[in-house]
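Okay, here's what each chain looks like letter by letter:
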Amino acid sequence: MSEDDCATITWAINNYSHYWQKNDEAVVSPVFSIFVPEETKWKLMLFPRGVASLPGRMAFLLQRDKGCNGAENIKVEYSLDCLRSDGSYDNFPLTDQFRKGYSDFFFLQEGKDSNIYSKTS
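Residues numbered from 1 in each chain as written. Predicted model: local features only at pLDDT ≥ 70, side-chain atom pairs only at ≥ 80, totals over all residues. Heavy atoms only, no water.

1. Here we look at the packing of aromatic side chains
All chains considered together, the criterion is met by two aromatic pairs. Between Trp42 and Phe98, the aromatic rings sit 5.1 Å apart at their centres with planes inclined by 80°, giving edge-to-face as the arrangement. Taken together, the residues Trp42 in strand E3 (residues 39-47) and Phe98 in strand E8 (residues 89-99) connect sequence positions 56 residues apart. For the pair Trp42 and Phe98, one class covers both residues: buried. Centroid distance Tyr78 to Phe98: 5.9 Å. Interplanar angle 65°. Geometry classified as edge-to-face. Remark: Phe98 occurs in strand E8 and Tyr78 occurs in strand E7 (residues 73-83); sequence separation between them is 20 residues. Each member of the pair, Tyr78 as well as Phe98, is classed as buried. By the ring-pair criterion, three or more aromatic residues cluster together here, those being Trp42, Tyr78 and Phe98. (Phe/Tyr/Trp six-rings, centres within 6.5 Å; stacked < 30°, edge-to-face > 60°. Helix = DSSP H or I, 4+ residues; strand = E, 2+ residues; numbered from the N terminus. Buried < 20%, exposed > 50% of the residue type's maximum accessible area, 1.4 Å probe, protein only.)

2. A look at the pairing of E8
Here E7 runs beside E8; their pairing, made up of 11 bridges, is antiparallel. Counted as the bridge partner of Glu77 is Thr95 from E8. Hairpin connection between E7 and E8: a loop of five residues separates the two successive antiparallel strands, and Gly87 in this loop has a positive phi of roughly 95°. (Pairing = 2+ DSSP bridges.)

Dropping the structure here:
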């Protein structure tokens, strides 16, 4: 993939420490569009307290809008960068096939010396 085929989306969550979501409750990004090659619409969802299947593990969800244009299936290479309070960040490169209405969960659990993560489809 060339740099011309890339897009960067920054989702800043202000006052994150004031969010009180429960298990299975999400903070949702605004819908954003990316042209690959037709316009596709996406959103990110952050589950700070996890989801029912894995409570207590922070989860991210990338979702392709079911009503968007373009091919039924799109292969997407993306990375999730998580900024820490100390200014450092963790980078998680991922690749997946997204069909219309498809969601991809990404679970993050902070370990003592490193981050432990897993991806489910």
